[in-house]
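Coordinate inspection notes
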There are 2 protein chains.
Amino acid sequence: MPDLEEEVLARIERQRKLKARFRDTHITMAHGAGGKTTHTLIEGLFAPAFANDALGELADSAKLDVNGTLLNFSTDGYVVKPLSFPGGCIGELAVNGTINDLAVSGARPLCLSTAFVIEEGLDADILRDQVAAMAAAAQKAGVPIVTGDTKVVERGKCDGMYIISSGVGVRDPRVDLSSASVKPGDHILVSGTIADHGTAIMLARGELELDADVESDTMSVWPIVESLIDACGADLRVMRDPTRGGVATVLNEIAHDANVGVVLDEEAVPVNGPVRGACEILGIDPMYVANEGKMIVVVAAESGAAALAAMQATPGGERAALIGKVQEQPEGMVLVKTAFGGTRIMDMLIGDPLPRIC
Amino acid sequence: MPDLEEEVLARIERQRKLKARFRDTHITMAHGAGGKTTHTLIEGLFAPAFANDALGELADSAKLDVNGTLLNFSTDGYVVKPLSFPGGCIGELAVNGTINDLAVSGARPLCLSTAFVIEEGLDADILRDQVAAMAAAAQKAGVPIVTGDTKVVERGKCDGMYIISSGVGVRDPRVDLSSASVKPGDHILVSGTIADHGTAIMLARGELELDADVESDTMSVWPIVESLIDACGADLRVMRDPTRGGVATVLNEIAHDANVGVVLDEEAVPVNGPVRGACEILGIDPMYVANEGKMIVVVAAESGAAALAAMQATPGGERAALIGKVQEQPEGMVLVKTAFGGTRIMDMLIGDPLPRIC
């Protein structure tokens, strides 16, 4: 870290180790953005209030042990705007997103629930289309929707529709994934191009004078996870799906939880051309943009090559890449080696540049 | 049925047997009210689209068999208005309501998830209070909240906050509950006074020039269910929690699903004085008003007395009562014996007299 002052690093590190406290007087969009403010809300309010072992890990899903049957349980709300966009729609996100939370926890998705909050006056064909999209996504992923609920609120009390899905998965006994298992020397991989989903949403909103051929990457990553488990087993340390807050936020979470340094090779991160161009024009770093069909994988160095090969051999993982490594220092931080040979700190997302992205 | 024309009965019955079709062009409040319109949406749109065995039963929760471990899985959205009211709040409903969906399915509630959709600008103290209420309700019921999600939408895009909770429970092997098992001769019991919750909400809205001492009945019914299973085991036919649509809708569902007649003794149904008074003034039948801590239980006649005693001996079940019986005719219908010796048909809820009740 030649270009970083030791004092700055030490200050950031002290800050990181402070216990999160939720002191805000009002809820802002940033509380739902998945970055620092969301973390403060979760660690400062929800975690202490709901304290229990399963919640303590604050992972993508909770681990359950039911009379020896190992399960994972997850929930996610979807409020994306617009409801449909190139490459996907809210219904597909609601299916694939919750499947992915289970998948990256090493759990084979078993079934889903769906709860609708619908605005009075919604065109019934919009609901029909979303239900059809959910059914198709569930069918494709082989994960049935087994129970649900519907609430309707008055005109103006929601934005068309919100969908909240929960899922139950069966944990694969060959892996025991956790950020805490990450060790210096581990390889960091991504399953494909980043920032497709968030960029597609930004463009679909039509608020930008920009037209580019960008589609959401929404899909189930379970097939890739299964390939990885087959190839690497217990050498898999942790997997995460970089949705809100993007790859930057996930890498920061891992660095923080494992108390290690993460060094990212910026040039190695795959980004589709139109996505890169749109992000450059908008002044947004693709590292912070949401994905809905990608994974970050940390694996022991000795299984790094096998992991990469397994991902690349699975549909949807063709463009998987080794993008970084874990090292001892600086603890809890992510450093980026830039294309020009420099190094900079990549922090968590702060604020919410892209509200209602999923 | 001396005072019912055979022709009318036959017509209603034919109507009942028609396959539900969802033909509406727009979503109305009635689609979320839990009555006929909701049923048409579920049976005409969701069920065919998401077709699978677990969903096919369309019960309060889905049955899962994970390598021999029998589980139930349920989800419910809460959009009650106002967020807090005498006797409870949205956070308590979100915990107890989903616990109850599992409990009436004969499953011991194991854990919950919670997903928040919060409006930008919400006073953070309102969120703190709801989180504290959820934590207290979860603690009281002994059911931890193990995972969650938070989304924030712009001002005006939700009404303060909505909470969606899901739950996993472990099915008690001593019972196999289903409407289809209901038989002529069975006893129908209620676990206590009806219509408290819905009446409390109506009064709390302050839109009515009426002041009465009415509190929501929100609570976990699992202790009562456990007592019932201990006392009656396999003699328990089916249990339901009469939330949206009230007791009338639940009894109609049972009559319809089991293809039996239900005869209800109106005088035997316990209703608190202030609730009865408020409903009379408002011209609302308490049978259609939502409950959040009550159960309807159908049990074989030979275990009727044991079931009643078990409920009355459990906290929250002191005012349990035998309120009706099952008979062969008229198939799929609910008849009410009135206090004046007459008989009338009690149909499902139509429309939505009380939107945003839970």
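Residues numbered from 1 in each chain as written. Chains lettered and ligands numbered in written order. Predicted model: local features only at pLDDT ≥ 70, side-chain atom pairs only at ≥ 80, totals over all residues. Heavy atoms only, no water.

Phe-116, Leu-127, Leu-251, Met-287, Ile-296 and Met-346 of chain B are the most contacted members of the largest nonpolar core, which has 76 residues in total. In this structure, this core is formed jointly by two domains, domain 1 (59-173) and domain 2 (179-345) of chain B, each of which donates at least three residues. Other than its neighbours up to four places away in sequence, Ile-296 of chain B contacts Ile-188, Leu-189, Val-190, Val-238, Met-239, Arg-240, Pro-242, Val-247, Val-250, Leu-251, Ile-254 and Ile-323 of chain B. Among the nonpolar cores identified, the runner-up in size contains 72 residues, and Leu-203, Val-238 and Val-247 of chain A together with Ile-27 of chain B belong to it. (Core = buried A, V, L, I, M, F, W, Y, C linked by side-chain atoms within 4.5 Å. Buried < 20%, exposed > 50% of the residue type's maximum accessible area, 1.4 Å probe, protein only. Domains from an automatic or database assignment. Contact = heavy atoms within 4.5 Å.)

Counting through the fold element by element, Asn-52 of chain B comes out in the loop between α2 (36-49) and α3 (53-56). For Asn-52 of chain B, the side chain forms a polar contact with the main-chain oxygen of Ile-145 of chain A, separated by 2.8 Å. One polar contact links the side chain of Asn-52 of chain B to the main-chain carbonyl oxygen of Phe-50 of chain B, over a distance of 2.7 Å. When neighbours within four sequence positions are excluded, Asn-52 of chain B is seen to be in contact with Pro-144, Ile-145 and Val-146 of chain A. (Helix = DSSP H or I, 4+ residues; strand = E, 2+ residues; numbered from the N terminus. Polar contact = N/O pair within 3.5 Å; in protein donor to acceptor, adjacent residues only side chain to side chain.)

All names here are of chain A. Overall, mixed pairing links the five strands, which are arranged β1-β2-β7-β5-β6 in an open sheet. In this open sheet, the two strands that pair with only one neighbour each are β1 (62-66) and β6 (145-153). Across the sheet, the mean angle from the axis of one strand to that of its neighbour is 20 degrees, orientation sign disregarded. Pairing between strand β2 (residues 69-78) and strand β7 (residues 161-171): eight bridges, direction antiparallel. When the bridges of β7 are listed, Asn-72 appears paired with Gly-169. Running over the sheet, helix α4 (residues 90-103) touches β2, β5 (107-119), β6 and β7 and is turned about 145 degrees from β2. Here helix α5 (residues 124-141) sits on the sheet in contact with β5, β6 and β7, set at roughly 175 degrees to β5. (Pairing = 2+ DSSP bridges. Axes fitted to C-alpha atoms, helices over the stretch in contact; angles between N-to-C directions.)

A word on the pattern of salt bridges. When the charged atoms of two side chains lie near each other, side chains of opposite charge can form a pair. A complete count under the given rule lists 38 salt bridges over all chains for this structure. Between Asp-149 of chain A and Arg-244 of chain B there is a salt bridge, with the nearest N and O atoms lying 2.8 Å from each other. Highlighted residues: Asp-149 of chain A in strand β6 and Arg-244 of chain B in the loop between β9 (236-240) and α8 (246-258), drawn from two different chains. Arg-244 of chain B matches Asp-149 of chain A in its accessibility class, with the two residues each being buried. Put simply, Asp-186 of chain A and Arg-237 of chain A hold a salt bridge, and the shortest N to O gap is 2.9 Å. Placement of Asp-186 of chain A in the loop between β7 and β8 (187-190) and of Arg-237 of chain A in strand β9 (residues 236-240) is noted, with a sequence separation of 51 residues between them. (Salt bridge = Lys/Arg side-chain N within 4 Å of Asp/Glu carboxyl O.)

The subject of this paragraph is the relation of the copies chain A and chain B. Least-squares fitting of chain A to chain B yields an RMSD of 0.0 Å, with the transformation described by 0.0 Å of translation along the axis and a rotation of 180 degrees. Such a combination of rotation and displacement between the chain copies is what one expects of a two-fold axis. The position closest to the rotation axis in chain A is occupied by the C-alpha of Cys-158 of chain A, lying 2.3 Å away. Of the residues that chain A buries at the interface, 100% are likewise interface residues in chain B, meaning the two copies contact each other through the same surface. (Least-squares fit on C-alpha atoms with pLDDT ≥ 70 in both.)

Residue and element names in this part refer to chain A. Considering the arrangement of structural elements, one finds Pro-184 in the loop between β7 and β8. Here Pro-184 falls in the partly exposed class, since its relative accessible area comes to 42%. Not counting chain neighbours up to four residues away, the residues in contact with Pro-184 comprise Val-260, Val-326, Gln-327 and Glu-328.

Let us look at the pairing of β9 of chain B. All names here are of chain B. Across the five residues that make up β9, a large majority, five, are buried. In this structure, β9 lies alongside strand β11 (residues 296-299), joined through four bridges in antiparallel fashion. Directly across from Met-239, in β11, lies its bridge partner Val-297.

Bringing the packing of aromatic side chains into the picture now. Two aromatic rings are characterised by how far apart their centres lie and by the angle between their planes. Counted by the stated rule, this structure contains five aromatic pairs over all chains. Measuring from ring centre to ring centre gives 4.9 Å for Phe-46 of chain A and Phe-116 of chain B, while their planes differ by 5 degrees; the resulting arrangement is stacked. With Phe-46 of chain A in helix α2 (residues 36-49) and Phe-116 of chain B in strand β5 (residues 107-119), this pair bridges two chains. Phe-116 of chain B carries the same exposure label as Phe-46 of chain A, and that label is buried. Counting every residue linked through ring pairs, the aromatic cluster contains Phe-46 and Phe-50 of chain A together with Phe-116 of chain B. Over the face of the ring belonging to Tyr-78 of chain A we find Lys-151 of chain B, whose NZ or CZ atom lies 5.8 Å from the ring centre. (Phe/Tyr/Trp six-rings, centres within 6.5 Å; stacked < 30°, edge-to-face > 60°. Lys NZ or Arg CZ within 6 Å of the ring centre and 35° of its normal.)

To continue, consider the domain arrangement of chain A. Residues and elements named next belong to chain A. Here chain A is partitioned into domain 1 (59-173) and domain 2 (179-345). For domain 1 versus domain 2, the distance between C-alpha centres works out to 23 Å. Each side of the interface is counted separately: domain 1 has 23 residues, and domain 2 has 22 residues. Taken together, both faces of the contact between domain 1 and domain 2 bury some 1,800 Å²; the carbon and sulfur share is 59%. Looking at the side of domain 1 facing domain 2, the largest losses of area belong to Pro-86, Asn-100 and Val-104, adding up to 27% of the total buried there. Linking domain 1 with domain 2 are one salt bridge. Residues Arg-108 and Glu-226 are paired through a salt bridge, measuring 2.6 Å at the closest nitrogen-oxygen approach. Summed over the shared surface of domain 1 and domain 2, the result is seven residue pairs in polar contact (both at pLDDT 80 or more). Among the elements of the structure, α4 and β5 are those that each provide at least two residues to the side of domain 1 that touches domain 2. Residue contributions to the side of domain 1 that touches domain 2 peak at eight residues, all from α4. Split by residue class, the side of domain 1 that touches domain 2 holds eleven nonpolar, six polar and six charged. (Buried area = accessible area lost by both parts, 1.4 Å probe. Nonpolar A, V, L, I, M, F, W, Y, C, P; charged D, E, K, R; others polar.)

The next thing to look at is α5 of chain A. Residue and element names in this part refer to chain A. The terminal C-alpha atoms of α5 lie 26 Å apart, and with 18 residues this matches the ideal 26 Å at 1.5 Å per residue to within 8%. Taken as a whole, α5 has its buried residues at Ala-124, Leu-127, Gln-130, Val-131, Ala-133, Met-134, Ala-135, Ala-137 and Ala-138. N-cap assignment for α5: the residue whose side-chain oxygen lies 2.8 Å from the backbone N of Asp-125 is Asp-123. Gly-142 sits one or two positions beyond α5 and adopts a positive phi of about 70 degrees. (Expected span 1.5 Å × (residues − 1).)

With that settled, consider the sheet that holds strand β1 (residues 62-66) of chain B. All names here are of chain B. Ordered by their spatial adjacency, five strands build an open sheet running β1-β2-β7-β5-β6, and the pairing between neighbours is mixed. Strands with a single pairing partner mark the edges of an open sheet, and in this sheet they are β1 and β6 (145-153). Shown here is a sheet whose adjacent strand axes are inclined to one another by a mean of 20 degrees, direction ignored. Looking at chain direction, β5 and strand β7 (residues 161-171) are connected through eleven bridges and run antiparallel. Note that in β7 the partner of Pro-109 across the bridge is Gly-169. Each of β5, β6 and β7 touches helix α5 (residues 124-141); the most contacted strand, β5, lies at about 175 degrees to it.

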